[in-house]
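The chain contents come next:
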Amino acid sequence: MATCGRGCVPAVRFCQRLNRLKTLDDDLMVTSMKRCLTMVDLALLGVGGMVGSGLYVLTGTVAKDTAGPAVVLSFLIAGIASLMAALCYAEFGARVPRTGSAYMFTYVSCGEIWAFLIGWNVVLEYMIGGAAVARAWSGYLDSMFNHTIQNYTENHIMKWNVPYIAHYPDLLAAGILVVATIFITFGVRVSSWLNHIFSAISLVVILFILVFGFVLADPVNWSQKEGGFAPFGVNGVMAGTATCFYAFVGFDVIAASSEEAKNPQRAIPMATAISLGMAATAYILVSTVLTLMVPWHSLDPNSALSDAFFRRGYSWAGYIVAVGSICAMNTVLLSNLFSLPRIVYAMAEDGLFFSFFAKVNPVTKVPVNAILVFGLLMAVMALIFDLEALVQFLSIGTLLAYTFVAASVIVLRFQPEKEKTSSKANFTMSPNSNPEPSPEVSESQIIAQDSGELKEYESFSDKLQLVEMQKTRKRSAPGALKARWEPYLGRLLGDFEPGEVVAFSVLAVMVSSVSLCAVFVFGSNQLQLPTWSFALLIVVFGSTFLLCLVIIYAHEPHVNTKTFQVPLVPFIPGASILMNVFLMLKLSPMTWIRFTIWVAAGLLVYFGYGIWHSKEGLRELQPKDMAARYVVLPSGSLVETVQSVQPNGQRDASTLHTTSSPSAEEQQAKR
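For clarity, every value in this text was computed on a predicted model and none was experimentally measured.

Colleague: Help me understand the overall build of the protein chain in this model?
Modeller: From N to C terminus, the protein chain includes 25 helices and 5 strands. Contacts in the protein chain between residues at least 24 apart in sequence constitute 79% of all its contacts with a sequence separation of at least 6. With an accessible surface of roughly 32,000 Å², the protein chain has 64% of that area assigned to carbon and sulfur atoms.

Structure below.
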């Protein structure tokens, strides 16, 4: 056993290195960036990140192919599901106002390697998302001019015939990304004002669509004559919900901007709620107008809104819609270019990525190196990759980030308070002697009460009182079992340290979520399970999932009234985890292959560079101050003093608290 224990020590230490948590500064408002964003700025950033090409393209696609007019319900359910994830981001953004979004939140609560992998995947998602939007922007503009740009490029510049590569280099998409990257480097105020302009135009166009669209609305298009309101049934509504969920991806730009917010504790939650509410309202109303203007089965999936106005005889309105769609795509482009460099900067600032990207321009107060490098990489991707090849690789990283952020909210909510003081060694010392351990201190305990007074516990009853007081404090600490649950779960869970049961329960929630969703997605078709085994597995994994949430709820949470907190924890984050896992398992096998390859590349970067340059790792290697406790005897009374001792054993004479002690004869006389 001893040999096995010694052999396991390196493995245990290695696991501890991988799961070490980020240490936050005492003052989270101190930053090298410029805190200048207001709640309105953040809300418009969120709206710009969500209301983009999806409003003009996704509504028509889902309505025609998946849900029919019931796309309205799909957007409503997807908005509620997105709200659960957005609340988790809002709590973290207000509590930890640091750039990095999901990466930072995971680093604070789950561990280093998980945070790196989350950040690594989110970086790729932003790159692919920005390139896809630029490609869609180019294609939409080109279609307005009868594909003149595409024809000229294929005939006079270059044409390819390679799988997953575009048929021609999209110079327009690459060019718009280069121009946008240059504007982003000018600073956060320039980026914010550009977003304001494009968002304002987009919102005006949306209002025009709603007003003019309701004038042209015909209720017959929802009647049984045209197939009814829900021609694809409940399955169509839920399938549409899974697609519509991705329309709300983009609110995390608000959390990514928290280090540049003036008042993040208030602005982050408010901006998240406002932007998500505006986006959901826009999607629901526009999809209502669209399916009332023309029959749902006659929609053009590529340009549904503009085509609807063309078909009703208002071609000029179609051009207004086209302008609005281009402005909306510009806001999404700016959102991606704004968020991606800040996540890269956060990883580099923590030492997990190359330090070249951690440099902030002293004038503009933005990470210029990260903006330029990744903006150009995004332009290269838009230049050579096809839009369909880009889109099929989207979403898995974002859904994984949502899952870990929801789990992190639960872990952090029930995490016990960490001691900020360094470890102390107890010594008894007379003025002229060296510090030596003394067993006598245990017989005369000297502790500081909440009132700040010193009290000596010498009698057996006093010691029992001290033990009971310590047990009471332990029971009421965050992560400990609630008192009203003691009669039911006390024997089973009462002996664990605060936070341990919650940590294991969160892990069980993740495992049971994956198992439950895997049975739902693959049980009937791929696995071909019999009905009885399918039902049994659903009951077992579903019961395990709910039981773990109840066990977590039975523990004491942190009560924080200073910043926003997600209500109904752990049930809302648990539902968010379940939804995200379900959507991840619905993705194509090709997406999972891309994810596996990218994660493998990320592990090479982490173990080749990040783990060796991690600032948390370097902080562990630094010599720690030792605090020694002395009991001196001035005037015959016991007094506790604390003194810092250097690692080499030398003491600073200027800080040494010395008091002359009575001689042994004087003490004997007093006795």
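Colleague: Honestly, the pattern of salt bridges in this entry has me stumped. Any pointers?
Modeller: Note that side chains of opposite charge can pair when their charged atoms are close. With the rule as written, the count across this model stands at 10 salt bridges. Ionic pairing is found between Arg-413 and Glu-91, a salt bridge with its closest N-O pair at 2.7 Å. Residue Arg-413 is located in helix α17 (residues 396-413), and its partner Glu-91 is located in helix α4 (residues 71-95); the two are separated by 322 residues in the primary sequence. Judged on exposure class, the residue Arg-413 and its partner Glu-91 are both buried.

Colleague: Explain the packing of aromatic side chains here, please?
Modeller: The geometry of an aromatic ring pair is captured by the separation of the ring centres together with the interplanar angle, meaning the angle of the planes. Under the criterion given, the structure shown has 36 aromatic pairs. With 6.2 Å between their ring centres and 75° between their planes, Phe-245 and Tyr-402 make a pair best called edge-to-face. In this pair, Phe-245 is assigned in the loop between α10 (233-244) and α11 (252-256) and Tyr-402 in helix α17, connecting sequence segments 157 residues apart. Across the pair, exposure class does not vary: Phe-245 and Tyr-402 are buried alike. Centroid distance Trp-592 to Phe-595: 5.6 Å. Interplanar angle 80°. Geometry classified as edge-to-face. A residue pair is termed a helical-turn pair when its members lie 3 or 4 positions apart in one helix, as Trp-592 and Phe-595 do in helix α23 (residues 589-613) at 3 residues. On the basis of relative accessible area, Phe-595 is assigned to the buried category, the value being 14%. Put simply, the rings of Phe-14, Phe-116, Trp-120, Phe-353, Phe-354, Phe-356, Phe-357, Phe-374, Trp-598, Tyr-606, Phe-607 and Tyr-609 touch in pairs and so form one group of aromatic residues. Over the ring of Tyr-168 we find Arg-135, and its NZ or CZ is 5.4 Å from the ring centre. Above the face of the Phe-338 ring, Arg-342 is positioned so that its terminal group lies 3.8 Å from the ring centre.

Colleague: What is the right way to look at the nonpolar core in this model?
Modeller: What tends to happen in soluble globular proteins is that the nonpolar side chains get buried as a cluster. Counting residues in each nonpolar core, the largest one holds 151 residues, and the members touching the most others are Tyr-56, Tyr-89, Phe-248 and Phe-353. The leading source of residues in this core is helix α6 (residues 112-144), at 19 residues. Counting the residues that make up this core, at least three belong to each of domain 1 (38-414 + 588-617) and domain 2 (478-484 + 496-587). Sequence-distant contacts of Tyr-56, that is, excluding residues within four places in its chain, are made with Ser-202, Val-205, Ile-206, Ile-209, Ser-303, Ala-304, Leu-305, Val-321, Gly-324, Ser-325 and Ala-328. Leu-42, Val-188, Val-253 and Ile-254 belong to the second-largest nonpolar core, a separate cluster that totals 13 residues.

Colleague: Looking at this structure, I do not really get the environment of Ala-85. What am I missing?
Modeller: Among the secondary structure elements, Ala-85 is positioned in helix α4. According to the relative accessible area criterion, Ala-85 is buried, its value standing at 2%. With 317 residues separating them in the primary sequence, Ala-85 and Tyr-402 have C-alpha atoms 6.2 Å apart. Ala-85 has contacts with Phe-251, Tyr-402 and Ser-576, leaving out every residue within four places of it along the chain.

Colleague: Honestly, the packing of helix α13 (residues 304-311) against helix α14 (residues 315-349) in this entry has me stumped. Any pointers?
Modeller: When two helices pack together, you describe them by how their axes are tilted relative to each other and by the distance separating the axes. Packing of α13 against α14 leaves a shortest axis separation of 7 Å and a crossing angle of 170°. For the element pair α13 / α14, the angle class is roughly antiparallel. Between α13 and α14, the residues in contact are Leu-305, Ser-306, Phe-309 and Phe-310 and Ser-315, Ala-317, Gly-318, Tyr-319 and Val-321, respectively. Class assignment for the residues of the contact of α13 with α14 results in 6 nonpolar, 3 polar and no charged.

Colleague: What should I look at first to understand α23 in this one?
Modeller: Its 25 residues give α23 an end-to-end C-alpha distance of 35 Å, which sits within 8% of 36 Å, the value for a rise of 1.5 Å per residue. Along α23, the sharpest change in direction is near 45° and occurs at Tyr-606. Turning to α23, its buried residues are Thr-591, Arg-594, Phe-595, Val-599, Gly-602, Val-605, Tyr-606, Tyr-609, Gly-610 and Ile-611.

Colleague: When you look at the side chain of Ser-306 in this model, what are you seeing that I'm missing?
Modeller: Along the chain, Ser-306 falls in helix α13. Residues contacting Ser-306, with those up to four places away along its chain left out, are Tyr-140, Gly-318 and Val-321.

Colleague: Quick question: what am I supposed to make of the confidence of the model for the protein chain here?
Modeller: In regions of low pLDDT, the predicted coordinates are not meant to be interpreted in detail. Residue-level pLDDT values for the protein chain average 81, and 81% of them are 70 or greater. The weakest mean pLDDT in the protein chain belongs to strand β1 (residues 424-426) at 38; the strongest belongs to helix α21 (residues 531-553) at 94. The low-confidence segment residues 420-458 (pLDDT under 50) makes 64 contacts with residues lying over four places distant or belonging to another chain. Confidence over residues 626-671 falls short of pLDDT 50; this stretch has 74 contacts with residues more than four positions distant or in other chains.

Colleague: What exactly am I supposed to notice about a nonpolar patch on the surface here?
Modeller: Together, Val-178, Val-179, Ile-182, Phe-183, Phe-186, Val-190 and Leu-376 make up an exposed nonpolar region whose accessible area comes to about 550 Å². Among the elements that make up the nonpolar patch, the one with the highest residue count is helix α8 (residues 171-184) (4 residues). Here Val-190 falls in the partly exposed class, since its relative accessible area comes to 31%.

Reading guide: rules and limits
Residues numbered from 1 in each chain as written. Predicted model: local features only at pLDDT ≥ 70, side-chain atom pairs only at ≥ 80, totals over all residues. Heavy atoms only, no water. Helix = DSSP H or I, 4+ residues; strand = E, 2+ residues; numbered from the N terminus. Contact = heavy atoms within 4.5 Å. Areas by Shrake-Rupley, 256 points an atom, 1.4 Å probe, with all protein chains shown as cover. Salt bridge = Lys/Arg side-chain N within 4 Å of Asp/Glu carboxyl O. Buried < 20%, exposed > 50% of the residue type's maximum accessible area, 1.4 Å probe, protein only. Phe/Tyr/Trp six-rings, centres within 6.5 Å; stacked < 30°, edge-to-face > 60°. Lys NZ or Arg CZ within 6 Å of the ring centre and 35° of its normal. Core = buried A, V, L, I, M, F, W, Y, C linked by side-chain atoms within 4.5 Å. Domains from an automatic or database assignment. Axes fitted to C-alpha atoms, helices over the stretch in contact; angles between N-to-C directions. Parallel < 35°, antiparallel > 145°, perpendicular 65-115°, else oblique. Nonpolar A, V, L, I, M, F, W, Y, C, P; charged D, E, K, R; others polar. Expected span 1.5 Å × (residues − 1). Bend = angle between axes of the 7 residues up to and from the residue. pLDDT = per-residue confidence, 0-100. Patch = residues over 30% accessible without salt bridge, like charges linked within 9 Å, V, L, I, M, F, W, Y side chains within 5 Å.

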